[in-house]
Amino acid sequence: MEYISSGDTGCDTGIFALNSYLTAAGPAILLENGPIRWRFNATLKDTFQNLYTTQYELVRDETLVRIKTTRAAPQQAGRWSVVTSFPMRMGEGATASAMEYGTAYSWEDRDPQKSWNGLTFRASHDFAQLITTQGGSAVAAVYHNGIPAWTINVTASTLHGVLLRYTPDGNRAAQGTDSGTHSQHYTLDVLSQLAKTGHPLRMSQYSQTPLHAVRLGPTQHAVKLPSEAQLASILSLASGSVLAVGKTNDNKLVLRIQRSNPVDEEVIITLPWHPFAPRPKPSIVSALETPIDTAPPVETSKAFTFFRANSALMTLEVPL
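- If you look the chain up in an unreviewed UniProt entry, it shows as Alpha-mannosidase from Mycena pura.

Put into structure tokens, the structure is as follows:
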């Protein structure tokens, strides 16, 4: 699919046209069918006989469908976008009429200014999801790491995302000749919540960094690992906050807290391994990890650190 112009002068009105479609199924392979995980590889051909491979993965007790599509964008004459589409409808039959999507700092649900009659794609960060109305119930969401173009087709209650794009000429389209083969990873969540709760951002980061089991090699002495361990976490009181980064720097632990709630709120972070006394208290610093004169005070109590968050991104330094 790609923009089709009615001319080359002025501000022409065009359409986002369906130029090709998947017509035939190729070989399919069941990769894994165990009690914890199910994986399936499907191949599909378009009208040009280009072969696309898509892998689906399900994990027990998750509401997620992890998907990976591998292919190069079509190289045939013309401009091409390979689009994935998810028709979305709630169980009681309610359809979607608006879209929420992640931004660099928070989230957005307003429609961008329209400059033509076709679909308008949003520059999405981390997630895109359909909702019944602005501020209404969430229908379903897609989480991603590197697929920035998503849009809603209100008429069909459908979420569209551009996976691959090949546009060798300009004509009011982004000019690019990427002929390489790429694997795009994205995750469908059939049980989402509104973006202002921080749920889509948390789930997006979770789905992009799944846990992997690693077998430990033989050791001279028996090693007993703890049943669980935790570096830091945010209490549910700050439901719109997410720990986005954790790193060490000059004998300090640096934590970045990304927030979806636009209002000031108290954030409580647990550091179960850190005995604060007699060490200096943690402090709020800039994104460059430099002191801030107007930084909110940070208090500590046992394993808890709490402060009043007043911006979309907060950086906390914890002396080690």
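Back to the text.
**Here we look at the packing of aromatic side chains**
Alright, step 1. A complete count under the given rule lists 3 aromatic pairs for this structure.
Alright, step 2. A ring pair is formed by Trp 38 and Phe 40, whose centres lie 5.7 Å apart and whose planes are at 5 degrees; its orientation type is stacked.
Alright, step 3. Centroid distance Phe 48 to Trp 80: 5.2 Å. Interplanar angle 75 degrees. Geometry classified as edge-to-face. Highlighted residues: Phe 48 in the loop between β5 (37–46) and β6 (51–59) and Trp 80 in strand β8 (residues 80–87), separated in sequence by 32 residues.
Alright, step 4. Take Trp 80: its relative accessible area is 8%, and that puts it in the buried class.
Alright, step 5. When the ring centre of Tyr 52 is taken as origin, the NZ or CZ atom of Arg 71, which lies over that ring, is 5.6 Å away.

**Concerning helix α1 (residues 199–208)**
Alright, step 1. Among all positions of α1, only His 199, Pro 200, Leu 201, Met 203, Ser 204 and Ser 207 are buried.
Alright, step 2. Contact partners of the buried residues in α1: β7 (64–71), β12 (127–131), β13 (138–144), β16 (182–189), β18 (241–248) and β19 (252–259).

**Quick word on the pattern of salt bridges**
It is possible for side chains of opposite charge to pair when their charged atoms get near one another.
Alright, step 1. Inspection of the entire model under this criterion finds 11 salt bridges.
Alright, step 2. A salt bridge links Glu 32 to Arg 39; the shortest N-O distance between them is 3.0 Å.
Alright, step 3. The network of salt bridges with common partners includes Glu 32, Arg 37, Arg 39 and Glu 57.

**Some thoughts on the sheet that holds β8**
Alright, step 1. The strand order across the open sheet formed by 4 strands is β8-β15-β14-β11, and the pairing between neighbours is antiparallel. In the strand order of this sheet, the two ends are held by β8 and β11 (122–123), each with one partner.
Alright, step 2. Bridge count for β8 against strand β15 (residues 158–166) is 8 bridges, and the pairing is antiparallel. What sits directly across from Val 83, in β15, is Val 162.

**Quick look at the nonpolar core**
Note on soluble globular proteins: their nonpolar side chains tend to be buried together.
Alright, step 1. Core analysis: the biggest nonpolar cluster contains 24 residues, and Phe 86, Met 88, Met 99, Leu 130, Val 142, Trp 150 and Leu 159 have the highest contact counts within it.
Alright, step 2. Breaking this core down by element, the ones donating at least two residues are β8, β9 (98–102), β12, β13, β14 (149–153), β15 and β16.
Alright, step 3. Sorting elements by how many residues they give to this core places β15 first, with 4 residues.
Alright, step 4. Contacts of Leu 130, omitting those with residues within four sequence positions, involve Met 88, Ala 96, Ala 98, Met 99, Ser 137, Ala 138, Val 139, Ala 140, Ile 152, Ser 157, Thr 158 and Leu 159.
Alright, step 5. Leu 255, Phe 307, Met 314 and Leu 316 belong to the second-largest nonpolar core, a separate cluster that totals 15 residues.

**Considering the pairing of β16**
Alright, step 1. Looking at chain direction, β7 and β16 are connected through 8 bridges and run antiparallel. Bridge pairing in β16 places Ile 67 opposite Tyr 186.

**Considering the sheet that holds strand β17 (residues 233–234)**
Alright, step 1. Taken in spatial order, the 4 strands line up as β17-β20-β23-β22 in an open sheet, and their pairing is antiparallel. On the outer flanks of this sheet lie β17 and β22 (298–301), each paired with one strand and no other.
Alright, step 2. For β17 and strand β20 (residues 265–270), the ladder comprises 2 bridges, and the chain directions are antiparallel. When the sheet's bridge partners are listed, Ser 233 is paired in β20 with Thr 270.

**With respect to unusual backbone geometry**
Alright, step 1. For Gln 49, which is not glycine, the phi torsion reads 70 degrees and is therefore positive.
Alright, step 2. Structurally, the position occupied by Gln 49 is in the loop between β5 and β6.
Alright, step 3. A positive phi angle is found at Asp 250, which is not glycine, with a value near 50 degrees.
Alright, step 4. Relative to the elements of secondary structure, Asp 250 occurs in the loop between β18 and β19.

**Here we look at a nonpolar patch on the surface**
Alright, step 1. On the surface, Leu 231, Trp 273 and Leu 320 cluster together into a nonpolar patch covering about 270 Å² of accessible area.
Alright, step 2. With respect to the helices and strands, Leu 231 occurs in the loop between α1 and β17.
Alright, step 3. Looking at Leu 231, the relative accessible area reads 45%, which means it is partly exposed.

**Brief notes about the environment of Trp 38**
Alright, step 1. Relative to the helices and strands, Trp 38 resides in strand β5.
Alright, step 2. Overall, the relative accessible area of 29% leaves Trp 38 in the partly exposed class.
Alright, step 3. A sequence separation of 22 residues divides Trp 38 from Arg 60, and the C-alpha atoms of the two residues are 8.4 Å apart.
Alright, step 4. In contact with Trp 38, not counting residues within four places along its chain, are Leu 30, Glu 32, Asn 33, Tyr 56, Glu 57 and Leu 58.

**Observations regarding the side chain of Glu 108**
Alright, step 1. Along the polypeptide, Glu 108 turns up in strand β10 (residues 107–108).
Alright, step 2. Within the structure, the side chain of Glu 108 is placed 2.8 Å from the side chain of Arg 110, a separation counted as a polar contact.
Alright, step 3. For Glu 108, the contacting residues outside a window of four places in its chain are Met 99, Glu 100, Tyr 101 and Thr 103.

Definitions and cut-offs
Residues numbered from 1 in each chain as written. Predicted model: local features only at pLDDT ≥ 70, side-chain atom pairs only at ≥ 80, totals over all residues. Heavy atoms only, no water. Phe/Tyr/Trp six-rings, centres within 6.5 Å; stacked < 30°, edge-to-face > 60°. Helix = DSSP H or I, 4+ residues; strand = E, 2+ residues; numbered from the N terminus. Buried < 20%, exposed > 50% of the residue type's maximum accessible area, 1.4 Å probe, protein only. Lys NZ or Arg CZ within 6 Å of the ring centre and 35° of its normal. Contact = heavy atoms within 4.5 Å. Salt bridge = Lys/Arg side-chain N within 4 Å of Asp/Glu carboxyl O. Pairing = 2+ DSSP bridges. Core = buried A, V, L, I, M, F, W, Y, C linked by side-chain atoms within 4.5 Å. Patch = residues over 30% accessible without salt bridge, like charges linked within 9 Å, V, L, I, M, F, W, Y side chains within 5 Å. Areas by Shrake-Rupley, 256 points an atom, 1.4 Å probe, with all protein chains shown as cover. Polar contact = N/O pair within 3.5 Å; in protein donor to acceptor, adjacent residues only side chain to side chain.

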